[in-house]
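An overview of the molecular structure
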Amino acid sequence: MVVTRFAPSPTGYLHIGGLRTALFSYLWAKRNGGKFVLRIEDTDKARNSEAATEAILKAFEWLGLEADGEITYQSQRGAIYAKYIQQLLDEGKAYKCYMSKEELTTLRETQMANKERTRYDGRYRDFEGTPPEGIEPVIRIKAPLSGEILVKDGVKGDIAFQAEDILDDFVIARADGSPTYNFVVAVDDYLMGINEVIRGDDHLSNTPKQIVVYEALGFRVPAFYHVPMIHNAQGKKLSKRDGATDVMAYKEMGYTPEALLNFLVRLGWSHGDQEIFSMEEMQRLFDPKDINKSASIYNTEKLDWLNAHYIKNMSNEKLTELLTGYNVVLTSHDKKEMLLDALKERAKTLVQLATLIQEVITTPTEYDAKAVKKAFKGNAVEILNVFGAKLSKAEELKLPHDYHAVMEAVVNEMEIGFGKIGNPLRVALLGKMSGPGLDTVMAVIGKEETMLRIANAMTHVL
Ligand code: GLU
């Protein structure tokens, strides 16, 4: 069974890059009928916070990405790590190193002066004497110091790391007994049964070290897929300004989970030239072997385009529910179907949709000065008066075309073009020149409100 994982360090919110590898891992597990597990890597007490963990879980909930089984917290697994460290000590595969801080600094400085790679020199690797007093030792693993470590990567192919160039006997437990990052990742991935690791290629340099740990413990090494980073349009690593912000900020900006996930799945992965993927399709088609070898480019227009697509195709019921999160309550609005049908094709985000709706359902109190000037030329006031009079007499005004008919009657009777009534009416109803079709606006707000808005505008203009 394929078991994948997402293993965030709760040092801050969940960002786009992290979410993408989480999504890839989730999809690959689902495609194989496997499991996707979540592990919170919260061992760094100084940098981790519960709030960050909460934020990550909240983002998962919003996106509907559910992890299988219990969430694993590394902070609760000290005893497990201690056991494996002890095992390595007992087997002579790890050892205590009593080097002092000063000694380490001196060693580093000498190596730097000699233009050598800074590395631990193995002085306690085979130490058998009496340890110096007053020093709490760290524990180092005996790493191979020559030969190669082969990372078999499903995205990048086989990568041979020369032990000599990258390794030393690295620390697996600090002087206070706390285990280090590469050690716990390897132990947990094994114990949690994870056999396919999909993560950002910023972790590639950790992988040989983790392989050293797997091998020392006699653990099977998982399959790795290191995913190239997301770049901005300038080809640089994505920064906050480009959108590498909190995933929840996308919710605030009015993006739907469907659009965001669809957007992310296409960052670095493709299936022919298909752009739109439902969750079901993603789960059926995603394969980490098809992940691109080069960085992907973040493109906001694409995200907007996808979001518009999902909003346009969403049921009005679902939209009504989502809009409550954007301060628009339409639940009991008798014309909400008409309103949403007219507006959902015009919005790139739910925030925009909320604004468009507010603009229709709220009686304007301000009128755009330029629009007023442009619309209320000539006999605009007279035209609106004629329209108002006809409207007040009209019965059975229900649908947009009923209102359209009244406008048409005015146009015919006064022998004017549609713009002559359309422009001032639009400003009267919406306070500005833009917005959806007027017949729809009137059908949504109804006859009385339409008359009220016309009267209001007149007072304003005259
Ligand atoms: N905790 C690591 C991070 O947040 C990920 C570890 C891994 O995926 O192996 O960057």
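Before reading further, recall that the structure is shown in the block above.
Described in the following lines is the structure provided in the data block. What you are looking at is a predicted structure, and each value in this text was computed from that prediction instead of being measured. (Residues numbered from 1 in each chain as written. Predicted model: local features only at pLDDT ≥ 70, side-chain atom pairs only at ≥ 80, totals over all residues. Heavy atoms only, no water.)

Let's talk about the overall build of the chain
Formally: Numbering goes from the N terminus for both helices and strands, where a helix is a DSSP run of H or I of at least four residues and a strand is a run of E of at least two. Radius of gyration: over C-alpha atoms. The globule rule applied is 2.2 Å multiplied by the number of residues raised to the 0.38 power. Note on classification: 1.4 Å probe, protein chains only; a residue is buried when its accessible area is under 20% of the maximum for its type, exposed when over 50%, partly exposed between these limits. Here, residues are in contact when the closest pair of their heavy atoms is within 4.5 Å. Calculation of accessible area relied on Shrake-Rupley with a 1.4 Å probe; when residues are assessed, cover is drawn exclusively from the protein chains displayed.
Helix and strand counts for the chain stand at 19 helices and 12 strands. For 462 residues, the compact-globule formula gives about 23 Å, and the C-alpha radius of gyration of the chain, at 32 Å, lies well above that figure. Within the span of the chain, comprising 462 residues, buried residues form 48% of the whole. In the chain, the proportion of contacts linking residues at least 24 apart, taken out of those at least 6 apart, comes to 74%. Accessible area of the chain: about 22600 Å², with a carbon and sulfur share of 49%.

A word on the site of the ligand
Note the threshold: Residue proximity to a molecule or strand is established when one non-hydrogen atom of the residue lies within 4 Å of it. Polar contacts here mean pairs of N or O atoms no more than 3.5 Å apart (in protein, one a potential hydrogen donor and the other a potential acceptor; neighbouring residues in sequence count only if both atoms are side-chain atoms). Grid spacing is 1 Å over the protein atoms alone, the probe is 1.4 Å, and a cavity is where that probe fits but cannot get out, while a pocket is an open set with protein on both sides within 12 Å along at least five of seven lines and lining residues have an atom within 4 Å of a point. To be counted as sitting in a cavity or pocket, a molecule needs more than half of its atoms within 2 Å of that site's grid points. The classification used treats Ala, Val, Leu, Ile, Met, Phe, Trp, Tyr, Cys and Pro as nonpolar, Asp, Glu, Lys and Arg as charged, and all other residues, Gly among them, as polar.
Near the ligand the following residues occur: Arg5, Ala7, Pro8, Ser9, Glu41, Tyr181, Val185, Arg199 and His203. Within the contact set of the ligand, a nitrogen atom lies 2.7 Å away from a backbone nitrogen or oxygen of Ala7. At 2.8 Å, a side-chain N or O of Ser9 approaches a nitrogen atom of the ligand. Contact with the protein chains removes 80% of the 300 Å² of surface that the ligand exposes when unbound. Applying the majority rule of atoms within 2 Å of the grid points places the ligand in the largest pocket. Among the residues making up the shell around the ligand, the classes are represented as 4 nonpolar, 2 polar and 3 charged.

Notes on the side chain of Thr349
Here Thr349 lies in the loop between α13 (336-343) and α14 (350-361). Thr349 gets classed as buried once you look at its relative accessible area, which sits at 8%. Only 2.9 Å separates the side chain of Thr349 from the backbone nitrogen of Gln352, close enough to count as a polar contact. Dropping the residues within four chain positions of it, Thr349 is found in contact with Met253, Gly254, Tyr255, Asn307 and Ile311.

Examining the pairing of strand β2 (residues 35-40)
Definition in use: Only strands that DSSP links by at least two bridges are regarded as paired with each other. A crossover gets the label right-handed when its path from the first strand over the helix to the second runs clockwise, viewed with the strands pointing away from the viewer.
Judged by how many residues are buried, β2 sits mostly within the fold: 5 of 6 residues are covered. When strand β1 (residues 3-6) meets β2, the two strands line up parallel, connected through 4 bridges. Residue pairing in the sheet places Val3 in a bridge with Lys35 of β2. For the segment spanning β1, helix α1 (residues 16-31) and β2, crossover handedness is right-handed. One ladder, built from 2 bridges, connects β2 with strand β3 (residues 72-73); its direction is parallel. Bridge pairing links Ile40 to Tyr73 in β3. For the handedness criterion, the β-α-β arrangement of β2, helix α2 (residues 50-63) and β3 is classed as right-handed.

Focus: unusual backbone geometry
Residues other than glycine seldom take positive phi values, yet Glu396 does so here, at roughly 55°. Secondary-structure assignment places Glu396 in the loop between α16 (380-393) and α17 (400-414). Notably, Glu415 is not glycine yet its phi reads approximately 55°, a positive angle. Inspection of the secondary structure assignment puts Glu415 in the loop between α17 and α18 (418-430).

Any functional reading would require information beyond the geometric quantities listed.
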